[in-house]
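# Tertiary structure, described
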Amino acid sequence: MGFTTPGRPVDLGALFPELAGLARTTVRLHPWQSAVTVRESSLGGPVLWPAEEAWPVCSADHPDPRPLTSTRGRELQRRLKEVRARMYELSGAIGHPESSSLSREFTRLETDIRVLRRTEFADGPAMSLPMVPIAQFYARDFPELPFPEAADVCQILWCPTEHEPYYSPRPVVWWRDSASVTAVGAATEPDRALSDEDSLPAACRISPERVVEFPHWLDLPSDQMRERVAEWEEGQDWSYGEHLSTAPGSKIGGWINWVQDPRWPECDRGHRMDHLLTVATAEWGNTSWRTWMPLEERARTDFVKQVRFELADGCTTSTTIGLGEHFDAAIHTIQGRAVVSESVQESVIPADSAHPDRLDLMIGDVGDLYLFVCPTCPDRPISVESQCS
Ligand SMILES: [Zn+2]
Ligand SMILES: [Zn+2]
């Protein structure tokens, strides 16, 4: 199956000539669940791993749900639970005198438990979790990737559980020469008990599509530029950020569709790193679907009307109705509260905001994980950033 992004409804390069030089091409990956082989590019599919190389494991300090069994361990865990409950009780009382000492104690207890865990579970599986493939890209499909000399396949595996500092999976990248892999090794199955189910991808075939992007709103070169775009947006049906500039979803290269503030990393030698890959929870959102949902997907998607409105007591809420249905503010009430009829706003959204047959990941709270690479350093150092709303 192929996927086609509809053409942009507005030609930004023509509208803002100063943007023309900032256009970049991204490769939308359009993953969809399907059997895929080690000889193909994929997201979440099997990788061409040499039989003589051990399957990679991550030995970071992973979250481990198994209870400690020593007397001291049990006492630390009991106290941690007590402190957590008290912190929860005080969560609404900002600046309560007890709060800061509780939070210090909480951190201390967590550290003590972690140290003790190392003793109690010295050979514990949580200390060596098998990694899982998240992506494999062959140079024949992605010539734009910075393949080092003699390499023609890029493999990205990640450790499928929380890691500091973003509580996200931790990826590692391998660049190989596929011709050097004569015997293919089998992957070690992920540890389902200790892995985070939301970080285990479904195997997906990909359908690379190159589209032109413009910088994210916050990556625009000046405030003056942002003001010009904001002025133009008034009265328009399209938003620069949601509909016109950066593609949502999983993609290679191009600009980043930041969920929060931009953070372009540098490598240790001070080179600005490139966007290697975005792994996204969602391929589009309830607003961005209008210009970024592929035509093929649009043809098989059901839509509904989302109606947002204010209630007489000032609360804002929403409901969804069928496309052919009419929302009557005069007769609609929520628990006896009337709708402020001037506040009603309707928009069309996909009926199902989950992406069934896609990567099946949840990165943070519907977030994205961005992977960066230094195209200058020969060992291609990487950097990772994970953002969610
Ligand atoms: Zn790990
Ligand atoms: Zn570098």
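Residues numbered from 1 in each chain as written. Chains lettered and ligands numbered in written order. Predicted model: local features only at pLDDT ≥ 70, side-chain atom pairs only at ≥ 80, totals over all residues. Heavy atoms only, no water.

## Points about the overall build of the protein
As a reminder of what qualifies: Strands here mean DSSP runs of E at least two residues long; helices mean DSSP runs of H or I at least four residues long; both are numbered from the N terminus. In this scheme, a residue with accessible area under 20% of its type's maximum is buried, one over 50% is exposed, and one in between is partly exposed, where area comes from a 1.4 Å probe on protein chains only. Contact definition: two residues touch when any of their heavy atoms are within 4.5 Å. Here the Shrake-Rupley method, with its probe set to 1.4 Å, supplies the accessible areas, and only the displayed protein chains count as covering residues. Positive charge is attributed to Lys and Arg, negative charge to Asp and Glu, and no charge count is given to His or to the chain ends. Think of each charge as sitting on NZ of Lys, CZ of Arg, CG of Asp or CD of Glu.
Looking only at helices and strands, one finds seven helices and 18 strands in the protein. With the C-alpha coordinates aligned to their principal axes, the bounding extent of the protein is approximately 65 × 60 × 40 Å. Relative to its 389 residues, the protein shows a buried fraction of 46%. For the protein, restricting intrachain contacts to residue pairs at least 6 apart in sequence, the fraction spanning at least 24 positions comes to 74%. Carbon together with sulfur atoms contributes 50% to the accessible area of the protein, which is approximately 19,800 Å² in total. Each charge sign in the protein was given a centre, from 37 positive and 59 negative side chains, and these centres are 4 Å apart.

## What about the nonpolar core?
Soluble globular proteins: nonpolar side chains tend toward being buried together. Our working definition: Here, the term nonpolar core denotes a set of buried Ala, Val, Leu, Ile, Met, Phe, Trp, Tyr and Cys residues that are joined through side-chain atoms within 4.5 Å.
Leu-29, Phe-137, Leu-145, Ile-156, Trp-175, Leu-276 and Leu-277 are the most contacted members of the largest nonpolar core, which has 29 residues in total. Secondary structure elements with two or more residues in this core: strand S6 (132-138), strand S7 (153-163), strand S8 (168-176), strand S12 (274-280) and strand S17 (368-373). Looking at which element gives the most residues to this core, the answer is S6, with four residues.

## Things to note about the domain arrangement of the protein
Here is the rule: For the domains described, the bounds stem from an automatic or database domain assignment.
Each assigned domain of the protein is listed with its residue range as follows: domain 1 (32-60 + 127-205), domain 2 (71-120) and domain 3 (302-350). A C-alpha centroid distance of 44 Å is found between domain 2 and domain 3.

## Examining the coordination of the zinc ion (ligand 2)
Let me state the cut-off plainly: Only nitrogen, oxygen and sulfur atoms qualify as donors, provided they sit within 2.8 Å of the metal or within 3.2 Å for Na, K and Ca; with water excluded from the atoms, sites may seem incomplete.
Looking at the zinc ion (ligand 2), one finds its protein donor set to be Cys-267 (SG), His-271 (ND1), Cys-374 (SG) and Cys-377 (SG), positioned 2.2 to 2.3 Å from the metal centre. Positions of the donor residues of the zinc ion (ligand 2), expressed as sequence spacing, correspond to C-x3-H-x102-C-x2-C. Residue Cys-267 is classed as buried on the basis of its relative accessible area, which comes to 7%.

## Overview of the coordination of the zinc ion (ligand 1)
To keep things clear, this is the line we draw: In these descriptions, tetrahedral denotes four donors with every angle between 85 and 135 degrees, square planar four donors and octahedral six donors with opposite donors over 155 degrees apart and the rest between 65 and 115, and irregular any other case.
Donor atoms from the polypeptide that bind the zinc ion (ligand 1) are Cys-58 (SG), His-62 (NE2), Cys-159 (SG) and His-163 (NE2), placed at 2.0 to 2.3 Å. Classification of the site at the zinc ion (ligand 1) rests on its four donor atoms, whose angles at the metal span 97 to 119°, yielding the label tetrahedral. Counting along the primary sequence, the residues that act as donors to the zinc ion (ligand 1) give the motif C-x3-H-x96-C-x3-H. On the accessibility criterion, His-62 (5% relative accessible area) is buried.

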